[in-house]
Amino acid sequence: DFQDLLDNALFAAVPLLPLSKPGAGTTAVNEAIRHGKLVVATRLRSSSHGLLKIGHNGWTLSVGDLHGWREVIRHAVHLHSAKPLKLRSYERRQFDVAQRWLVRDHVISDFHDCLHLLRRGKHLHA
């Protein structure tokens, strides 16, 4: 099943199309982070991959950046084969991100704050 595939994956790839709807890929990114996986995602104006910090716990690449995808894949394979301790440190960072940002209480608090701003007529910016 999906959870087993994710648990056994070296990293999670979230390639998106240029006309993807806002928020596309967010669930995949969040699930990968919860599983401690490095994440590589397409960077779109409408994407919400704010939990990814380039080189810290993942990468975002421009649409059509085949060279970038190749380099990230090579880097992940190299970490897996030559530097497993460094790979584990990336994975631990993901668990830290998940603990800080993806726990239910934090999500509820953020949602509540957004509702409060909307009720006051404020616009939300990503």
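Quick summary incoming for the structure in this document. Only a predicted model underlies this, so the values are computations on that prediction, with no experimental measurement involved.

**A short note on the pairing of strand β3 (residues 58–61)**
Here β3 shows a buried face lined by Gly-58 and Thr-60 and a second buried face lined by Trp-59 and Leu-61. Alignment of strand β2 (residues 38–42) against β3, held across four bridges, turns out to be parallel. Residue pairing across strands places Val-39 opposite Gly-58, the latter belonging to β3.

**Here we look at the nonpolar core**
Residues Val-14, Val-29, Ile-33, Val-39, Ala-41 and Leu-52 are the most contacted members of the largest nonpolar core, which totals 15 residues. Those elements that place two or more of their residues in this core are β1 (11–14), α2 (26–34), β2 and α4 (84–101). A total of three residues in this core trace back to one element, the largest contributor, which is α2. Beyond its immediate stretch of four places on either side in the chain, Val-14 contacts Gly-25, Ala-28, Val-29, Val-39, Val-40, Ala-41, Thr-42 and Trp-69. In this structure, Trp-59, Leu-61, Trp-69 and Val-72 belong to the second largest nonpolar core, which totals eleven residues.

**Observations concerning helix α3 (residues 66–82)**
The terminal C-alpha atoms of α3, which comprises 17 residues, lie 24 Å apart, in line with the 24 Å expected from a rise of 1.5 Å per residue. Listing the buried residues of α3 in full gives Gly-68, Trp-69, Val-72, Ala-76 and Leu-79. Viewed along the axis of α3, the buried residues span an arc of 100 degrees, placing them on a single side of the element. Residues of α3 that are exposed and point over 90 degrees away from its buried face: Leu-66, His-67, Arg-74 and Ser-81. The inward-facing, buried residues of α3 abut β1, β2, β3 and α4.

Each value, and the rule that gives it
- Residues numbered from 1 in each chain as written.
- Predicted model: local features only at pLDDT ≥ 70, side-chain atom pairs only at ≥ 80, totals over all residues.
- Heavy atoms only, no water.
- Buried < 20%, exposed > 50% of the residue type's maximum accessible area, 1.4 Å probe, protein only.
- Helix = DSSP H or I, 4+ residues; strand = E, 2+ residues; numbered from the N terminus.
- Pairing = 2+ DSSP bridges.
- Core = buried A, V, L, I, M, F, W, Y, C linked by side-chain atoms within 4.5 Å.
- Contact = heavy atoms within 4.5 Å.
- Expected span 1.5 Å × (residues − 1).
- Arc of directions from axis to C-beta.

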